[in-house]
Amino acid sequence: MLSFDELLKEASAIHRHHCAGQILGVRMAMLGCREVGIDEPRGCKKLIVYAEIDRCATDAVQAVTGCSLGKRSLKFLDYGKMAVTFLNTEIGQAVRVLAKDDARNLVPLYVQNSDNPRDAQKQAYRVMPEDALFSVKPVAIEVSAQEMPGYRGKRVQCAECGEGINFDRDVDLGGRTLCIPCSEEALRSNGHANGVKATNPKVLLIVGYKKVGKTTLIEKLIPELSRRGYRVGTVKHHHSDFPVAVDAMGTDTWRHRQAGALSVSLATPTDIATFRDGASSITLDQLVSGLAETDIVLVEGFHEEARAKIEVLSDCNDESLCKMDRHLLAIVARNARSSAVPAFEPSSIKPLADLIEREVLGKPGFPGVTKNSNFDIPSVSQLPVG
Ligand SMILES: [Zn+2]
Ligand SMILES: [Zn+2]
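A brief look at the structure comes next. Predicted, not measured: the structure shown is a model, and the values here were computed from it.

### Quick notes on the sheet that holds strand β3 (residues 83–88)
Alright, step 1. With mixed pairing, the five strands of this open sheet are ordered in space as β2-β1-β3-β4-β5. In the strand order of this sheet, the two ends are held by β2 (74–76) and β5 (134–139), each with one partner. For this sheet, the mean angle separating the axes of adjacent strands, direction not counted, is 20°.
Alright, step 2. Across three bridges, the pairing between strand β1 (residues 47–51) and β2 is parallel. When the bridges of β2 are listed, Ala51 appears paired with Phe76.
Alright, step 3. Along the sheet, helix α2 (residues 20–35) contacts β1, β3, β4 (93–99) and β5; its crossing angle with β4, the most-contacted strand, is approximately 155°.
Alright, step 4. Lying on the sheet, helix α3 (residues 56–65) is in contact with β1, β2 and β3; it crosses β1 at an angle near 175°.

### A few points about the packing of helix α1 (residues 4–15) against α2
Alright, step 1. Between α1 and α2, the least distance of the axes is 9 Å, while the angle of their chain directions is 125°. Here α1 is positioned oblique relative to α2, judged by the angle of their axes. Like other packed secondary-structure pairs, α1 and α2 cross with a definite hand, here right-handed. Residues Phe4, Leu7, Leu8, Ala11, Ser12 and His15 of α1 pack against Gln22, Ile23, Val26, Arg27 and Met30 of α2.
Alright, step 2. For the contact of α1 with α2, a count of residues per class yields seven nonpolar, three polar and one charged.

### Focus: the coordination of the zinc ion (ligand 2)
Ideal geometry at a metal centre gives angles of 109.5 degrees when four donors are arranged tetrahedrally and 90 or 180 degrees when six donors are arranged octahedrally.
Alright, step 1. The zinc ion (ligand 2) binds to the protein through Cys158 (SG), Cys161 (SG), Cys179 (SG) and Cys182 (SG); the donor distances cover 2.3 Å.
Alright, step 2. Positions of the donor residues of the zinc ion (ligand 2) along the chain correspond to the pattern C-x2-C-x17-C-x2-C.
Alright, step 3. Judged by its relative accessible area of 3%, Cys158 falls in the buried class.
Alright, step 4. Cys161 sits in the partly exposed class, given a relative accessible area of 35%.

### Considering the sheet that holds strand β16 (residues 328–334)
Within a sheet, adjacent strands bond to each other through the backbone by hydrogen bonds, running parallel or antiparallel.
Alright, step 1. Pairing is parallel across the open sheet formed by six strands, whose spatial order is β11-β14-β10-β15-β16-β17. Each of the sheet's edge strands pairs with one partner strand only, and the pair in question is β11 (232–236) and β17 (343–344).
Alright, step 2. Contacts from helix α8 (residues 214–227) reach β10 (202–207), β11, β14 (296–300), β15 (309–315) and β16 within the one sheet, and its direction differs from that of β14 by about 170°.
Alright, step 3. In the packing of helix α11 (residues 349–359) onto the sheet, the strands contacted are β10, β14, β15, β16 and β17, and the crossing angle to β16 comes to about 170°.

Conventions and cut-offs
Residues numbered from 1 in each chain as written. Chains lettered and ligands numbered in written order. Predicted model: local features only at pLDDT ≥ 70, side-chain atom pairs only at ≥ 80, totals over all residues. Heavy atoms only, no water. Pairing = 2+ DSSP bridges. Helix = DSSP H or I, 4+ residues; strand = E, 2+ residues; numbered from the N terminus. Axes fitted to C-alpha atoms, helices over the stretch in contact; angles between N-to-C directions. Contact = heavy atoms within 4.5 Å. Parallel < 35°, antiparallel > 145°, perpendicular 65-115°, else oblique. Left-handed = near helix turned anticlockwise from the far one by under 90°. Nonpolar A, V, L, I, M, F, W, Y, C, P; charged D, E, K, R; others polar. Donors = N, O, S within 2.8 Å, 3.2 Å for Na, K, Ca; no water. Buried < 20%, exposed > 50% of the residue type's maximum accessible area, 1.4 Å probe, protein only.

The quantities given are spatial measurements derived from coordinates; they are silent on function.
Now the structure itself:
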């Protein structure tokens, strides 16, 4: 390997600018190669580096090692961390070299006199001991055949955009071969547009005291969400102890159940109704799992469940049922005014559906109401929403 000064000169030339990042990157690469037993990385086919940031130092690592994206020997992991992993594929040995954050604070200890902080940093990074600059950890990396630099895989075509896909980056979605962006797009539109079944429906509770308009709100949300392409299911929590009238005494299904059937389905040319025992012990999860071919299940009631919920109030000044409930996403009420959470008038169905799309259905990059920062609502991906 060339000397540090020679490598730095080359790296700065390639980077077209001499910065502290070049010094850091060159030292990082020299250290990493040494740790995995590679004396001359350039032209050696056994080194793969994994860079976790797209910054100056990464160019220096590329310059020193000769590893590059084009050769598939430089892998970019977009983690935003100043770390590079060096893998010697021949012996299966790898180290992750992380630039220490506190190295900056040590700069004054290694500089005589400099009133330019950038110069001081460059001076210090040249001479600072390696263990002050970096932490080095052995790591285990399994490289699949597809990730190896020389891999020659089949080339397939995306069924959606028609573009060619290399290196097995195609995704099988409901039997269709798609490229990654097309598959992500298909999943964003909840899959069903391409004949793909969603796995688990999202669950949104519509809660509130009696007669505040929960059913009316659900009646308005169903067509709005359906119009946007979502398959909507509902669950209604009923407090009555009486058997449901449709399964009335004397019907055939009633007789099946009387004979001991645990679950009875009645199928007509237009409808399917299923009756089953154990309503008192059944959980919301079990109920929702029976609606697997939906994208979202609106649940009327079950306000004590720790799930995303919207509360309906008669008036915004009324006492809330879910005060301080961190799963509360919004309130629907007359005289709506946002406080801890956004509030919507009962007629504002479209803005409310926007919020549901963004917060519950996970539609990315969706502009809309922003969360109140002083109220701790966990991001929806952390919520157990089905
Ligand atoms: Zn730079
Ligand atoms: Zn595509």
